[in-house]
Amino acid sequence: MTDFFLFLPEFYFILAALAFFIFSLNKTAAPWALHRWALLLAGVGLVITVGASHQEGMIFFDCYRVDLFSQVFKVLLTLGTFWIIFSSSELKGIDPRQHAEFYFLIFVCTLAMMMLVSAVELLTVYVSIELSSYSLYLLVSMRRNADEYVETGIKYFMIGVTASALMLFGISLLFGVTNTTFIPQMIQSLPLLMSQPAAVIGLLLALSGFFFKLALFPFHIWAPDVYQGAANQVTAYIATASKMAAAALIIRFAGLSGGANPGLIKLLIVLSILSMTFGNLVALIQKDIKRLLAYSSIAHAGYILIGILSFSERGFAAAIYYAMAYLVMNYACFMVILKIAGDGHNLQIKELAGLHERSPLLALTLMLGLFGLAGIPPTAGFTGKFLVFAAALEKGYLFLIVIGMVNATISLYYYLIIIKAAYLLKPVKPYPALPTDSWTRYLSLILIVMMIYLGIFPDRFISLTEAAARTLF
């Protein structure tokens, strides 16, 4: 019975996905009814996941580990899913006949990512990541009336299966070197084998699949086109919940080396620098907000990698905190985008002109979200960057920190362009009124409070992330 409770959140999401699979067969439910059912099921799932967060144990023949590390990320995943479904009441970017399939794939993908953060056996990891990936491939391809973006789903699929092939080859090398597919045993033996080329190459190739999910340079090439070509709600899901699973997986796998190979560390430092620099520089010239946030996500993948490169409890805790803050800040930006582009079109920066007059609360939410992404105090983004830089400084990576700070300064420019449009520009043509319901206003206030509270009073959350990182060792 204890094993059942350890798997209870995942089992619940299996039932939720099954419910929408049944809805997809008869096609009789109205879109508004499907949204209410999805919101209810996602809310109950969040409550169950939070309630089960104290559970710890091993199940499925020790292939599945439920600990504080995985539970923290499961709460973040279900929270992100609930927020995305909350913002999907006006699902104009997807054909009404496919709304049931949309919610079905959202629940399946969330289930797969919850399994991903708990999997401690390589084949279980691979199956989980493939289940989440194929759900996203289908979601990206569901956009309505977007012939110019028809190749987006194909491009995402082709790049994704290539990354999966590299990952599978890396997993086979790791198995050949360590004679096990269980991560706890690999943590004990692999650091002693990092002088062998097969171990280093295997770990690097395995990480390549996870770098693809996080959109780290040079595995980023799918992100701008997918962000721009997918329906707005799907883009928001990829940019928030999906990033949590990728961050968790990279943190868990990076710890396998124990920082024992200087060559691997140098390579990861180079990838971090290239990801930050490329993402921020290319974002400077973007006019489409979703495409801009795609390049922003590439840069933030580099920031997260700075914390992971420390190969210490403090560094991993900083990376977990940064992922937590990134979820809140990024969703705040996408919630505003989804509200303004209610008809599902791709929002241009110039369309934000006069936003502070149309909806002061949404303008404030967007501004704080962007300030957080730029690392401006007292937001959570500032605290997250401070923590990853402090962890890197303990390891003597001063040069990396300087580059990170320079990149943070560059990013401030394009974030300020968006804020300038919302607060200082006058609209060329009159835009329609932007009514916000009471639930949207409540959520905006919650996000504002969370972004500031996480930045000013981070102690409790830092203690939580440190305890979660400790379970990795």
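Residues numbered from 1 in each chain as written. Predicted model: local features only at pLDDT ≥ 70, side-chain atom pairs only at ≥ 80, totals over all residues. Heavy atoms only, no water.

1. Observations regarding the nonpolar core
Thinking step 1. With 177 residues, the main nonpolar core has Phe 73, Phe 107 and Phe 253 as its most contacted residues.
Thinking step 2. Ranked by residues supplied to this core, first place goes to helix H15 (residues 313–340) with 23 residues.
Thinking step 3. Those residues in contact with Phe 253 that lie beyond four places of it in its chain are Leu 122, Val 125, Ile 183, Leu 203, Ala 206, Leu 207 and Phe 210. (Core = buried A, V, L, I, M, F, W, Y, C linked by side-chain atoms within 4.5 Å. Buried < 20%, exposed > 50% of the residue type's maximum accessible area, 1.4 Å probe, protein only. Helix = DSSP H or I, 4+ residues; strand = E, 2+ residues; numbered from the N terminus. Contact = heavy atoms within 4.5 Å.)

2. Digging into unusual backbone geometry
Thinking step 1. With an omega dihedral of 5°, the bond running from Phe 217 to Pro 218 counts as a cis peptide bond.
Thinking step 2. Relative to the helices and strands, Pro 218 resides in the loop between helix H9 (197–214) and helix H10 (223–229).
Thinking step 3. Following Pro 377, the chain continues to Pro 378 via a peptide bond in cis, the omega torsion being 5°.
Thinking step 4. Relative to the helices and strands, Pro 378 resides in the loop between helix H17 (360–374) and helix H18 (380–394).
Thinking step 5. You will see that Asn 179, though not glycine, has its phi angle at about 60°, which is positive.
Thinking step 6. Inspection of the secondary structure puts Asn 179 in the loop between helix H7 (150–178) and helix H8 (183–189).
Thinking step 7. Positive phi is not limited to glycine here, since Ala 215 has a value of about 65°.
Thinking step 8. Among the structural elements, Ala 215 can be located in the loop between H9 and H10.
Thinking step 9. Residue classification places Ala 215 among the buried positions, given a relative accessible area of 0%.

3. A short note on helix H2 (residues 8–26)
Thinking step 1. The end-to-end C-alpha distance of H2, which contains 19 residues, comes to 28 Å, matching closely the 27 Å that a straight helix rising 1.5 Å per residue would cover.
Thinking step 2. Every buried residue belonging to H2 is among Pro 9, Glu 10, Tyr 12, Phe 13, Ala 16, Ala 17, Phe 20 and Ser 24, and all of these are buried. One side of H2 holds all its buried residues, which, seen down the axis, span an arc of 155°.
Thinking step 3. Looking one or two residues past H2, Lys 27 carries a phi angle of roughly 60°, positive in sign. (Expected span 1.5 Å × (residues − 1). Arc of directions from axis to C-beta.)

4. A look at the packing of aromatic side chains
Thinking step 1. Per the counting criterion, the structure on display carries 27 aromatic pairs.
Thinking step 2. Measuring from ring centre to ring centre gives 6.1 Å for Trp 439 and Tyr 442, while their planes differ by 85°; the resulting arrangement is edge-to-face. Placement of the pair is Trp 439 and Tyr 442 together in helix H20 (residues 438–456), with a separation of 3 residues, close to one helical turn.
Thinking step 3. Taken together, the ring pairs connect Tyr 12, Phe 13, Phe 20, Phe 23, Phe 102, Tyr 103 and Phe 107 into an aromatic cluster.
Thinking step 4. It is Lys 385 that lies over the ring of Tyr 303; its NZ or CZ is 4.6 Å from the centre. (Phe/Tyr/Trp six-rings, centres within 6.5 Å; stacked < 30°, edge-to-face > 60°. Lys NZ or Arg CZ within 6 Å of the ring centre and 35° of its normal.)

5. Remarks on the packing of helix H5 (residues 99–118) against helix H12 (residues 241–254)
Thinking step 1. Direction vectors running N to C along H5 and H12 enclose 15°, while the axes themselves pass 9 Å from each other. Considered as vectors, H5 and H12 are oriented roughly parallel to each other. In the crossing of H5 with H12, the sense of the turn from one axis to the other is left-handed. Contacts between H5 and H12 involve Met 113, Leu 116 and Val 117 from the first element and Ala 241, Ser 242, Ala 245, Ala 248, Leu 249 and Arg 252 from the second. (Axes fitted to C-alpha atoms, helices over the stretch in contact; angles between N-to-C directions. Parallel < 35°, antiparallel > 145°, perpendicular 65-115°, else oblique. Left-handed = near helix turned anticlockwise from the far one by under 90°.)

6. Focus: a nonpolar patch on the surface
Thinking step 1. Together, Phe 4, Phe 5, Phe 11, Ile 14, Leu 15, Leu 18, Phe 21, Ile 22 and Leu 25 line one region of the surface with nonpolar side chains, adding up to about 810 Å² of accessible area.
Thinking step 2. Within the residue set of the nonpolar patch, elements represented by two or more residues are helix H1 (2–6) and H2.
Thinking step 3. Considering each element in turn, the nonpolar patch owes the most residues, 7 residues, to H2.
Thinking step 4. Mapped onto the elements, Phe 5 comes out in helix H1.
Thinking step 5. With relative accessibility at 36%, the residue Phe 5 sits in the partly exposed group. (Patch = residues over 30% accessible without salt bridge, like charges linked within 9 Å, V, L, I, M, F, W, Y side chains within 5 Å. Areas by Shrake-Rupley, 256 points an atom, 1.4 Å probe, with all protein chains shown as cover. Salt bridge = Lys/Arg side-chain N within 4 Å of Asp/Glu carboxyl O.)

What is shown is where atoms sit, not what they do.
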